[in-house]
Amino acid sequence: MKAPAFNYARASSVQEAIDLLSRHGDRAKVLSGGQSLMPALNLRLLAPEWLIDIGPIADLRRISVENGLLTIGASTRHADLQRSPDIAAHAPLLKDAIAHVAHPAIRNRGTIGGSLAHADPASELPACMVALDATVIVQGPDGERRIPAADFFVGIYETQLLPDELLVAIEVPKRTDGARHFFREYARRSGDYAMAGLAAEAEIDGDMFASLRLSFFAVDERPILAKASRHLIGRPVTEVMLAEACGALGDELAPQDDHQATIGMRHYLARQLLIACVVSLLGRSDLGARVVA
Amino acid sequence: MIAPVPITLIVNQERIEAMVPPRLNLADFLRDHLSLTGTHVGCEHGVCGACTVRVNGDIVRSCLMLAIQAENATVETIEGLSDSGEIADLQMAFHQRNALQCGFCTPAMLMAAQDLLLINSEPSRDQIREHLSGNYCRCTGYHAIVDAIESTVRARLERAE
Amino acid sequence: MMPGMEGAGLSSLDRPNSYIGKVVPRPNMARLLEGRGQYVSDVALPRMVHAVFVRSPHAHARIASIDVSVAKAMPGVIAVMAGAELANVVSPWVGVLSHLKGLKSAPQHAIAVDRACWQGEAVAVVLAISRVLAEDAAEHVAVEYEPLPAVINTRTALDPATPVIHPELGDNLAFERKIDAGAVAAAFERSDKIVDVEFVFGRHTGVTLEPRSIVADWNAGDRRMTVYLGNQAPHMVQNIVAKHLDLEESQVRVLCKDVGGSFGLKVHIYADEMAVCGLSKLLRRPVKFVADRVESFNTDIHARDHICRGRIGVSHDGTINVFEIDDLTGVGPYSMYPRTSAVEANQVIILIGGPYTTPNYKGRTRVVFQNKNVMSQYRGVGHPIACSITEGLVDLAAQAIGMDPVEIRRRNLVRDDAYPCDSPTGLKFESLSHHASLDKLVAMMRYGDLRAEQTQLRKEGIYRGIGIASFIEVTNPGAAFYGVGGARISSQDGVAVRLDAAGAVICQTSVTEQGQGSESMTAQIVASAIGVSMEKVRVILGDTDNTPYGGGTWASRGTGIAGEAALQAAKVLRGNILATAAAILQGKPDDFDIIDGMIVDAHGQQRIELNELARIAYFRPDTLPPGFQPELMATRHYVPRQYPFAFTNGVQASWLEVDVITGKVKLLKHWVVEDCGTIINPQLVDEQIRGGVVQGLGAALFEHCIYDESGQLTNANMADYLVPMAAEMPDIEVGHQVSPTLETELGAKGAGEAGAAGAAACVSNAVNDALSPFGVTITEIPLTPKLILTALGRI
Ligand SMILES: Cc1cc2nc3c(=O)[nH]c(=O)nc-3n(C[C@H](O)[C@H](O)[C@H](O)COP(=O)(O)OP(=O)(O)OC[C@H]3O[C@@H](n4cnc5c(N)ncnc54)[C@H](O)[C@@H]3O)c2cc1C
Ligand code: FES
Ligand code: FES
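Quick caveat, the model's predicted, so the values are computed rather than measured. (Residues numbered from 1 in each chain as written. Chains lettered and ligands numbered in written order. Predicted model: local features only at pLDDT ≥ 70, side-chain atom pairs only at ≥ 80, totals over all residues. Heavy atoms only, no water.)

Undergrad: I keep staring at the overall build of chain A and nothing clicks. Help me out?
TA: Regarding its fold elements, chain A presents twelve helices and 14 strands. For chain A, whose C-alpha radius of gyration is 19 Å, the value lies close to the compact-globule estimate of 19 Å for 293 residues. Relative to its 293 residues, chain A shows a buried fraction of 59%. Summarising the internal contacts of chain A: among those between residues at least 6 apart in sequence, 61% fall at separations of at least 24. (Helix = DSSP H or I, 4+ residues; strand = E, 2+ residues; numbered from the N terminus. Rg over C-alpha atoms; globule rule 2.2 N^0.38 Å. Buried < 20%, exposed > 50% of the residue type's maximum accessible area, 1.4 Å probe, protein only. Contact = heavy atoms within 4.5 Å.)

Undergrad: Any chance you could explain the site of ligand 1 here in plain terms?
TA: Neighbouring ligand 1 are 31 residues, the closest being Val30, Gln35, Thr111, Ser123 and Glu124 of chain A. What surrounds ligand 1 is not a single chain but chains A and B. Within the backbone of Val30 of chain A, a nitrogen or oxygen atom sits 2.6 Å from an oxygen atom of ligand 1. With respect to ligand 1, the backbone of Leu167 of chain A contributes an N or O atom lying 2.9 Å from a nitrogen atom. Contact with the protein chains covers 94% of the free accessible surface of ligand 1, which is 960 Å². (Near = heavy atom within 4 Å. Polar contact = N/O pair within 3.5 Å; in protein donor to acceptor, adjacent residues only side chain to side chain. Areas by Shrake-Rupley, 256 points an atom, 1.4 Å probe, with all protein chains shown as cover.)

Undergrad: So what exactly am I meant to see when it comes to the interface of chain B and chain A here?
TA: One frequent convention defines the size of an interface as the accessible area lost when the parts assemble. Contact with chain B, which involves 24 residues of that partner, is made by 29 residues of chain A. Taking both partners together, chain B and chain A bury about 2,500 Å²; carbon and sulfur atoms supply 52% of that area. When the buried surface of chain B facing chain A is broken down by residue, Arg23, Leu64 and Gln69 of chain B rank first, second and third, together holding 25% of it. Counting every contact that joins chain B to chain A gives two salt bridges. Across the pair Glu44 of chain B and Lys2 of chain A runs a salt bridge whose closest N-O atoms are separated by 2.6 Å. Linking chain B with chain A are 13 residue pairs in polar contact (both at pLDDT 80 or more), by the criterion used here. Of all the elements in the fold, those that place two or more residues in the side of chain B that touches chain A are β4 (58-61) and α5 (125-131) of chain B. Among the elements that make up the side of chain B that touches chain A, the one with the highest residue count is β4 of chain B (four residues). (Buried area = accessible area lost by both parts, 1.4 Å probe. Salt bridge = Lys/Arg side-chain N within 4 Å of Asp/Glu carboxyl O.)

Undergrad: Explain unusual backbone geometry to me, please; I cannot follow it from the model alone.
TA: Among all residues save glycine, negative phi is the norm, and among peptide bonds the norm is trans. Each neighbour pair has its own omega, and for Tyr337 of chain C with Pro338 of chain C the value is 0°, a cis peptide bond. Within the secondary structure, Pro338 of chain C sits in the loop between β14 (320-330) and α9 (343-351). Cis rather than trans, the peptide bond between Tyr419 of chain C and Pro420 of chain C has omega equal to 0°. Structurally, the position occupied by Pro420 of chain C is in the loop between α11 (405-412) and β16 (421-422). Phi is positive for Asn67 of chain A, close to 50°, though the residue is something other than glycine. In this fold, Asn67 of chain A is placed in the loop between β4 (63-66) and β5 (69-73).

Undergrad: Just checking my understanding: could you explain the domain arrangement of chain A for this structure?
TA: Per the domain assignment, the segments making up chain A are domain 1 (7-53), domain 2 (58-172) and domain 3 (194-282). Look at where the C-alpha atoms of domain 1 of chain A and domain 3 of chain A centre, and you get two points 36 Å apart. (Domains from an automatic or database assignment.)

Undergrad: Just checking my understanding: could you explain helix α7 (residues 271-283) of chain C for this structure?
TA: The α-helix advances 3.6 residues per turn, and as a result positions three or four apart in sequence lie on the same side. Residue and element names in this part refer to chain C. The end-to-end C-alpha distance of α7, which contains 13 residues, comes to 18 Å, matching closely the 18 Å that a straight helix rising 1.5 Å per residue would cover. α7 sits mainly inside the fold: twelve of its 13 residues count as buried. Following α7 by one or two positions, Arg284 has its phi on the positive side, about 60°. (Expected span 1.5 Å × (residues − 1).)

Undergrad: How should the interface of chain C and chain B be read in this particular structure?
TA: Of the residues lining the interface, 51 residues belong to chain C; the matching set on chain B comes to 47 residues. Buried surface at the junction of chain C and chain B, summed over both partners, amounts to about 4,100 Å²; 55% is from carbon and sulfur atoms. Where chain C packs against chain B, one counts seven salt bridges. The partner of Asp83 of chain B in a salt bridge is Arg36 of chain C, with the nearest N and O atoms 3.1 Å apart. Viewed at the interface, chain B and chain C are joined by 32 residue pairs in polar contact (both at pLDDT 80 or more). Among the secondary structure elements, those contributing two or more residues to the side of chain C that touches chain B are α1 (29-33), α4 (131-138), α17 (682-701) and β28 (731-736) of chain C. It is α17 of chain C that contributes the most residues to the side of chain C that touches chain B, eight residues altogether. Class assignment for the residues of the side of chain C that touches chain B results in 26 nonpolar, 13 polar and twelve charged. (Nonpolar A, V, L, I, M, F, W, Y, C, P; charged D, E, K, R; others polar.)

Undergrad: Which parts of the structure should I look at to understand the side chain of Ser32 of chain A?
TA: Positionally, Ser32 of chain A belongs in the loop between β2 (28-31) and α2 (37-42). In terms of polar contacts, Ser32 of chain A uses its side chain to reach the side chain of Thr111 of chain A, at 2.8 Å. In contact with Ser32 of chain A, other than residues within four places in its own chain, are Ile54, Ser75, Thr111 and Gly114 of chain A together with Gln69 of chain B.

Undergrad: Is there a simple way to think about the pairing of strand β12 (residues 287-290) of chain C in this case?
TA: One face of the sheet, then the other: side chains in a regular strand alternate in exactly this way. Residue and element names in this part refer to chain C. Judged from the two bridges that link them, strand β1 (residues 49-55) and β12 form a sheet pairing that is parallel. Bridging across to β12, Val49 finds its partner in Val287. In this structure, strand β9 (residues 213-219) lies alongside β12, joined through four bridges in antiparallel fashion. Residue pairing for β12: Ile214 is matched across the bridge by Phe289. (Pairing = 2+ DSSP bridges.)

Encoded structure:
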């Protein structure tokens, strides 16, 4: 199928994009990489009157590091993240995650801003932002808003972005020396959206977690920063603690049923991810085998 | 504007000026407006990979890009890559190894394969399979395609020595 | 020459420079590699308009009204039409064949009239100057539906409480067949162990990368219809189009150029394609239709979807005493036309137990109507199901008596020296090689080492499995397939060969090419038989105006049937060339030979080149002896008569790992040994096998058309319908046995479906083998993580 007719406007600056958005409101859609928007248009699931192409705004495609603070422009492509030495150094979680996002040709056009704004609950990057405690920076007619990633995602394809706002950048805070990360997802095939996934950042102190941010995806309407981590912090992890964490996790997730996985299966997979994460981050292969989850 | 708008771009080293409706995707532009029918369309929703072309050196899905977005871009299709000789060795390897049957996936497979070989001169079979993970082939079962790419890798390494 | 082919009677092909048995790259590939093929989706004709269909969103509904007024007024729209109007130019059909006794179906229209019977059935069509404008207008065709109760569940389709889809047929039973051979009850009684399980096969579909495409061009001046169609059987299409558009067959020309995948999906002619032909006639201009991917899922034939109870009785010594099945399948609201929707079930029931000596067999299959998309022949037709059931039962029997899966097969496979022989269902086997094939497979895969590795890894909590499946494959069908049932689908093929004026050979064949290598196979045979290099042979196919009449490429018949016709035609031409040479050189034809395009004499002396011979024959016949007329063109046709089918056999194995945490199956390696008789080009055979295997692996692990209770296909797109992709597929090693058929000089049998026949069976068996420590048996495909985790009791 072919896309329905729409008007097209090229924005050459953030301000111009916001002006266009203000003028057309929710009759307009921002076009970034188009890797989610175009399929929806081609399937005639959407019929916006206007597409506002932010591709030409050069300064939205950038990765910079200042004082350890990593800033990623909204139009930075998945492939840029994958290749960037700065990302590898300051947010290795993203580098691991991005390999699971779609396929090479899609990563060449899909952007981080598009991925976050699209807010597919099975998407990797939103969950990574939550794990990394990133800040999403949006701009609208009234100026800039800085929204913690954990608050940015509201529901399925739903974020705090208002129709006249543009997501412009993401800030990832400085990474501490002892920081470790874990990324894993269960998908049917390489590049598919996940049935369940976990992006995690931790600080490890000897054989204990000093901090642990567990961001689950595809197991709720949005990425979930699991409070179950509290069962695992500050003490050497035991089987009992891990079992408690697994138990607590169930109350925090509200997965959906689809062709690939039932609700129960998603709960189950989330527990397996949690166990795998703890085993991997602490190097405790003894833990995994015996925890019944 | 819903009405056609002018675009200028380079396609296979040729400067093209055209009027395109905003909703026209690049695949249809190449096929229907420029008669470059070597770029194939298998799904129009970004999954099959048959429409893969190169834009400014990167492989992309041409069904997921508007023709207008190619303003000022350099677009290369299978016809261009064939004429320039850039992938002659890959094509020969595909031919020798019977790495295509119906050939509908082939232009895109060649694009994806060449993309891999430009960034990784010595990929493993698994890496080859992974790089092709977004390109569907119903006929071959992929094995022969992987073989053909592998043999091209070896030949290129030998030539480089 | 292939090992094992010695003495196979290949005299005319066993010549110096023969291409038989050689890997020769396909000549027609170069254009496809450069993107210079011409697929139907590429065809553009002057004044061409584009058709877009409006399709029923309901599984079953009465069409109360259709308002086309808004759509008609939209930009670029040429016409908007509903079923009744089109019925004036395209007559309805009923998809039955008389030899499938009792098969019934209802009249089907090109576009539904009054009632839509599945979600996706066309109810109206829009024609516009571009595809996109037609789509715009299609959104404005206002159809009012009155939903009717839909028959969705196959299991309850025959219940008295279930509504009957076509009341005039009396019930929802389209076809039923029973077989009772040997002494089944006694055989079960005698058995030490009986295994009784239900097998479930998901519905899946062909997903050719190029969607179905057609351009129909009615030239009112010539009063001829030219149909550009990606199809495997052009002469069948010619007949059907003529018949239902009230034309003479000579008024219809069908052209099948490059086709982006077919696999049986494109051996049929579809209602929307018939509509396009009718529309071209009505509008007097070319009409193009390229199925959108979503409508492909909703309208391309689906396949499989069987529920089958299977029982096997086995003795402690490993003797398989008996097989019994009760099979049920739902095929949509109509039996597909003209090949019907009963063939898959019919194949299942006759192929069960095929590789084994077991004389006792009882089977029943029932085919029921449902309000889902139509089902019909797709690569493998019935084989994957029969093989999965048979081989699943054999493995379970082996497990029940504690015997190794290879051993139980060795004890029960028909002996290699037992041929010719018949199966309990009456199949005639000329010459098969089950044991030699199994031995070869076991050696190729290093079965013993794999078992040791498996045992070792289990201790580390890694669960790998080996699955083996022997199979037989129906190839080279004669008239028994369709002809005897009254369908005008040719079982013979024809090939014409001529020497042109420059000494090159032009060959026209009735088979078609969709990438199997029909062109190459034909050229290899013709070049070898005449004695010219392959570059000198040009093959023309896929054009009813320019090829002999024949069946086409399907049911693994191209090489075995049209290959033989090519051989015989080439031999006649060779004889005629030698007669001409003799006339020119004043000798006897027997004194000469043709080697590499050159006439040589008995001493091996080169005398004249073929282009010189052709020059004399065509331009200076005045120099030839009086009364001598060179005949530099020859045509031969062929159909097998002795055997209704040429059976082939083979065996496959899968080595895989089940992640018992995630339920995911990782395919590690796949092996196939198959026996298709004489091999013309081993590379082409291998690639047919590999492609077929991967289609079977897709069915085993991923592919599934998922309908909800209301009859909606819920995953009709490529993101949700999972096809096998490169990263998940294994390397596939292929080996061969060669038991040529003696019915032909060529000795070739088919190989197109062998891969698909056994792959899923192997995977199922291997998964069960991997999971045996958990006491888990799964007899359903696709083997999704959800299914496996459920079976393991983890979710
Ligand atoms: C076959 C296939 C497989 C895929 N698999 C995965 C996968 O496994 N995981 C995954 O995460 N993604 C996957 N994707 C989606 C891909 O990652 C997309 O690139 C991404 O989701 C959207 O980014 P985009 O730049 O293409 O956004 P677009 O498609 O351009 O836009 C997406 C949405 O975000 C809005 N938007 C975009 N940018 C902004 C902005 N700056 N401010 C405000 N709104 C904005 C748009 O209006 C639109 O609604 C897949 C896509 C395809 C086609
Ligand atoms: S046609 Fe573009 S990905 Fe399928
Ligand atoms: S060769 Fe036919 S799809 Fe790849």
